[in-house]
Amino acid sequence: MTVRVDWRVSCRLVGTVLRWLWVPLVVPLAVALLDGTTVMPFVLPMVGTVAVGFGLERLTDRTDLRAREAFLMVSLTWLAVAVAGATPFVLAGNGTLAEPVNALFESMSGITTTGATVVVAFDRHSRAILMWRAVIQWLGGLGILVLATAVLSQLSVGGAQLMETETQTRDVQKLTPRISETAGLLWRLYIGLTGLQIAVLYGLHLIGLAPEMTLYDAVAHAFTTVSTSGFSPRAASIAAFSPAVQWAVVPFMILGATNFVLLYFVLGGNLDRLRNSDEFRFYLGILGFFTLAVAGVLFAEGAPHAGVEEVARHSVFQVVSIVTTTGYASTDFDLWSSAAKHLLFVCMFVGGMAGSTTCSIKTLRWLVVLKAFRRDLFTVATPSAVRPVRLSGSVVDEETIRDIYAYTLVSLVFFIVATIFVAVDTSRVRLSITEFEAMGAAASTFFNVGPAFGIAGPFASYEPFPRSTKLVMTFLMWVGRIEIIPVLVLLTPSYWRS
Amino acid sequence: MRIVVVGAGEVGANIAVSLAADHEVVVVDVDPETVDEFTYSTDVLAIEGNGTSRSTLQAAGAGEADMVVASTDDDETNLAVCGTAKTLGESFTVARVRSATFLETWTASEGAFGVDLMVSTDLLTAQDVVRVVGLPAALDVDPFASGLVQMAEFEVTPGSEVAGRTVREADRFESLTFAALVRNGTVVLPRGDTVIEAGDRVVVIGTPESVEAFSETVASTETATEADDFVIVGGGAIGYHTAKLLEERGLRPRLIEQRSDRARELAEALPGTVVMAHNATDVDFLVGEGIGRADAVIAATDSDEKNLLVSLLARNVGVRRTVAIVEEGEYAGLFEAVGVDVAINPREATAEEIVRFTQGGRVENLSLVEGRQAEVLEIEVDEESVLTGRPIRESVRDLPSGVVVGAITRRREFVVPRGDTVVEPGDHVVLFVAADALAGTMDRV
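Attention in this report is confined to the structure presented alongside it. Worth saying up front: this structure is predicted, and the values here are computed from it rather than measured.

1. Description of the side chain of Ser-277 of chain A
Within the secondary structure layout, Ser-277 of chain A lies in the loop between α13 (272-275) and α14 (278-301). Residues contacting Ser-277 of chain A, with those up to four places away along its chain left out, are Leu-262, Met-353 and Ser-392 of chain A.

Structure follows, in structure tokens:
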């Protein structure tokens, strides 16, 4: 049996990515130096990743990346970065993060922009470690490989392949003739949005509307908002800040989950692209619908919130936070009524727009599923009618529709299996959780949302889950972020055999 | 005028023959047999050769010609002929195309490809179809003066209000002129006391509103429904353009195309049309889809025989009006005799468009009536015209007898032509001219 995949090429390119991981590590290192806390948890991984990176690059001289190698490389890169990202937590050796499985969970939750945390006591960790959580989320936000394509010349040809593999929605649009320039444009937009949010948050602090929002907090929260990921250095998440901050965070979550290509055109003054986008209207419609529904429920029940502003703020914030898969909390929504919590649970399955920093199934897929199903209902009545499915005026080809149906179905199957596993595994260790909490935790990790309900609630921690559950959840976050297919492909025998 | 026609296929030959009477025509074709046939059967110079080569065009005198008409069956060749002709001289170039893409480019930037006039047979035919189905009972509709004036031809059915009445009685519309009657295939100029008989065809000229109002009196036996439901059979270029034009009017036509891959293509290109992949001669299908309730069925497949069959089947399942495309001009009368309401010949549309340009710059628009028995022309009058500066009652005495002033537009406003109307320079006059009066009229107006 000969292996058909040139795995050396994949590993070599993973090495190239690892070799540059020292750059983001500079940020927490700087915080550590400023605060006078220990720098070793960052220096050692810097040396380690550079060494491993160079080692992997020695494997082969070839760099030609084909579809097969791209699947392997994408899967391995996310796994490798998650493992590397866990080392500072272990080396720092404080609190729950010192335990390797917890560290890997936290790191994977970071890089996949999930935002599910195992931290129990935030004050036991240094500001540098908490900043590292934010930095890895920011790296994972737009996709590590989009970043890699933008800055590494080795990926100039295979880049389109990688970006397409990383986001399975097949919508990599080359904005410029060179893919690296396209990736660069997307990243500049991403950096711009992050910078803008830092300015807004710190600006609120300076004019006295946000006493708690220090520069450190502004940076850490901007990193995890635009990337729709949701780690906060505060135990109370965004609830720790003033209402002004909570309102200010909402538009950045919405922007982070908007298609970046559309945002790019809007920046160029072309508003028509946004206005004519069926998906954008659908996305806003979903946000509007769930906000009104949640607000209606909270109003009707009159608790735990009172007053129009408070109800409006928490409904908008929580719906946007969950739909965009950010996972921030402006209040402990675990205290909400069953109706409101179930509405938020449904939001987990939606996700933002394709081609953004969001996760989950995404509005593009739901819209195509809805349109294709409506078409199918029409052709049941009129069998000879030929009716293509259109999105923003252009035709979606039938193969894509089939892929989207399949993806959506596979996602739901994953969710069901994961729920059963979580429920069974927790009852094995006599950790009593309800089926709804098991569903919430499974959906929240697989769709990279972050917080769920009950023991996995917004102000709680995933730490009490048994190790086996945490490892499975780590797998779910990994698979969910790179949209299942690249990992599942690796599990088919025909992928490896010739 | 010296006119070079490249490509002597059906359309090219038709153009060449219709122009040969008044102009010096040279025909170029690659096929030696076609060239021989032309040389012996017509009074035109036929040259064998490739129309895209400089030497052939030079031999045909394209450099000195006033007009070069490229009408081969291949779009790219026609464009190349025009481009090549432009390198030789100052001739006015006309290209016949099928592709909508080239037409879009040319419309966006006139003069593109070195083409001065681009004529799409399929689009012109589709425009004809859409105008005809837009008016109940209409056989032919053509716009003049940028749409301010319409010429329409109607068939008078036995139950119609106007049957058995005199022209004076029927002419209840202020801004409508009865230009002609066609009785047994012959054009008759009507007088006030002429009685309109069932089976006659009337040619009227007037504002679109009055033409529409008139069409309703003619078609009074048929009830018009609110939402117009049109079914197009055949997804060729004519079917495509027809559906697209109907979509542009806000309608949702149905289109039946047998080949499923072509149906898919059409469905992708026509978002407002319900495309069905099925054989339109399957009666069960026609009944099952409720085609019988359609306002009109347009048979636009690429076969005349099939169009006839589809039209008759449609009529049989209850469709009120059938329109068929007839490539072979001679069949048109036969189609209408056996029960097709309107037979439209694509070549006539093309010929109208091209002949318009050979009448010199003064004719703004033109429509052919009953073959070429008469023409309806739109002319911008100048100081020298016999019409200018006097009431129409006086000026018609200086014109041949086969001329009717149908409508006048002045500064983009419709003017009702009456005996005492004074024509001013710059007015656009729409004239109905019988064929024998054509030469005499063109000199004087």
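2. Focus on the sheet that holds strand β16 (residues 322-325) of chain B
In space, the seven strands of this open sheet follow the order β1(A)-β14(B)-β13(B)-β12(B)-β15(B)-β16(B)-β17(B), with mixed pairing throughout. Every other strand in the sheet has two partners, leaving β1 (385-386) of chain A together with β17 (342-344) of chain B as the edge strands with one partner each. Two strands pair when backbone bridges link them, and strand β12 (residues 230-233) of chain B and strand β15 (residues 296-299) of chain B are joined in this way by four bridges, in the parallel orientation. Within β15 of chain B, the position partnered with Phe-230 of chain B by the bridge is Ala-296 of chain B. Relative to β17 of chain B, helix α6 (residues 121-134) of chain B is tilted by about 165°, and along the sheet it contacts β12, β15, β16 and β17 of chain B. The strands touched by helix α10 (residues 260-269) of chain B within the sheet are β1 of chain A together with β13 (254-257) and β14 (274-277) of chain B, with β14 of chain B carrying the most contacts at an inclination of about 175°.

3. Regarding the interface of chain B and chain A
Listed as interface residues are 15 residues of chain B and, on the opposing side, 14 residues of chain A. For the chain B face of the interface with chain A, the top three residues by lost area are Arg-264, Ala-267 and Glu-268 of chain B, together amounting to 45%. The interface formed by chain B and chain A includes one salt bridge. Glu-398 of chain A is the partner of Arg-264 of chain B in a salt bridge, and the nearest nitrogen-oxygen pair spans 2.7 Å. Summed over the shared surface of chain B and chain A, the result is five residue pairs in polar contact (both at pLDDT 80 or more). Of all the elements in the fold, those that place two or more residues in the side of chain B that touches chain A are α10 and β14 of chain B. Here the element with the most residues in the side of chain B that touches chain A is α10 of chain B; it accounts for five residues.

4. Some details on the sheet that holds strand β3 (residues 45-48) of chain B
All names here are of chain B. Spatially, six strands are ordered β3-β2-β1-β4-β5-β6 in an open sheet, and the strand pairing comes out parallel. Each edge of the sheet is formed by a strand with only one pairing partner; in this case those strands are β3 and β6 (117-120). On average, each strand axis in the sheet is tilted by 20° relative to the strand beside it, whichever way the strands run. Here strand β5 (residues 92-97) runs beside β6; their pairing, made up of four bridges, is parallel. Looking across to β6, one finds that Val-97 is bridged to Ser-120. Contacts from helix α4 (residues 75-88) reach β1 (2-6), β4 (67-70), β5 and β6, with the element oriented near 175° to β5.

5. Focus: the state of the cysteines
All names here are of chain A. Going through the model one piece at a time under the given rule, you end up with zero disulfides over all chains. Distance from the sulfur of Cys-347, which forms no disulfide, to the nearest cysteine sulfur (Cys-359) is 15 Å. Given the relative accessible area of 0%, Cys-347 is considered buried. Cys-359 sits in the buried class, given a relative accessible area of 1%.

6. Overview of the nonpolar core
If you look at the biggest cluster of nonpolar residues, it comprises 153 residues, and the most contacted ones within it are Ile-111, Met-131, Met-348, Tyr-462 and Phe-465 of chain A. Sequence-distant contacts of Ile-111 of chain A, defined by excluding residues within four places in its chain, comprise Trp-78, Val-81, Ala-82, Ile-136, Leu-139, Gly-140 and Ile-144 of chain A. By size, the runner-up hydrophobic cluster in this structure holds 75 residues, among which are Ala-16, Val-69, Leu-270 and Ala-296 of chain B.

7. Side note on the pairing of strand β19 (residues 374-380) of chain B
Across a regular strand the side chains alternate sides, sitting on one face of the sheet and then on the other. Residues and elements named next belong to chain B. With six of its seven residues buried, β19 lies for the most part within the structure. Relative to strand β22 (residues 428-434), β19 runs antiparallel, the two sharing seven bridges. Its bridge partner being in β22, Glu-375 is matched across the sheet by Val-433.

8. Looking at unusual backbone geometry
Residue Arg-430 of chain A is not a glycine yet carries a positive backbone phi of 55°. Among the structural elements, Arg-430 of chain A can be located in the loop between α18 (398-428) and α19 (435-446). Look at Arg-430 of chain A and you get exposed, because its relative accessible area is 75%. Even without a glycine there, the phi angle at Phe-113 of chain B is positive, about 65°. Here Phe-113 of chain B shows up in the loop between α5 (100-108) and β6.

9. A word on the pairing of strand β11 (residues 201-206) of chain B
Residue and element names in this part refer to chain B. Here β11 lies mainly inside the structure; six of its six residues are buried. Taking every second residue as pointing to the same face, both faces of β11 are buried, with Arg-201, Val-203 and Ile-205 on one and Val-202, Val-204 and Gly-206 on the other. As paired strands, strand β8 (residues 149-155) and β11 are joined by six bridges and run antiparallel to one another. Each residue of the ladder has a partner; that of Glu-155, found in β11, is Arg-201. Note: strand β9 (residues 176-183) against β11, six bridges, orientation antiparallel. Residue pairing in the sheet places Thr-177 in a bridge with Ile-205 of β11.

10. Focus: the environment of Tyr-240 of chain B
Residues and elements named next belong to chain B. Here Tyr-240 shows up in helix α9 (residues 237-248). Counting along the chain gives 74 residues from Tyr-240 to Ala-314, while the straight-line C-alpha distance between them is 20 Å. With residues near it in sequence (within four places) discarded, Tyr-240 still touches Ala-100, Arg-262, Leu-266, Ala-269 and Leu-270.

Procedures and definitions
Residues numbered from 1 in each chain as written. Chains lettered and ligands numbered in written order. Predicted model: local features only at pLDDT ≥ 70, side-chain atom pairs only at ≥ 80, totals over all residues. Heavy atoms only, no water. Helix = DSSP H or I, 4+ residues; strand = E, 2+ residues; numbered from the N terminus. Contact = heavy atoms within 4.5 Å. Pairing = 2+ DSSP bridges. Axes fitted to C-alpha atoms, helices over the stretch in contact; angles between N-to-C directions. Buried area = accessible area lost by both parts, 1.4 Å probe. Salt bridge = Lys/Arg side-chain N within 4 Å of Asp/Glu carboxyl O. Polar contact = N/O pair within 3.5 Å; in protein donor to acceptor, adjacent residues only side chain to side chain. Disulfide = S-S within 2.5 Å. Buried < 20%, exposed > 50% of the residue type's maximum accessible area, 1.4 Å probe, protein only. Core = buried A, V, L, I, M, F, W, Y, C linked by side-chain atoms within 4.5 Å.

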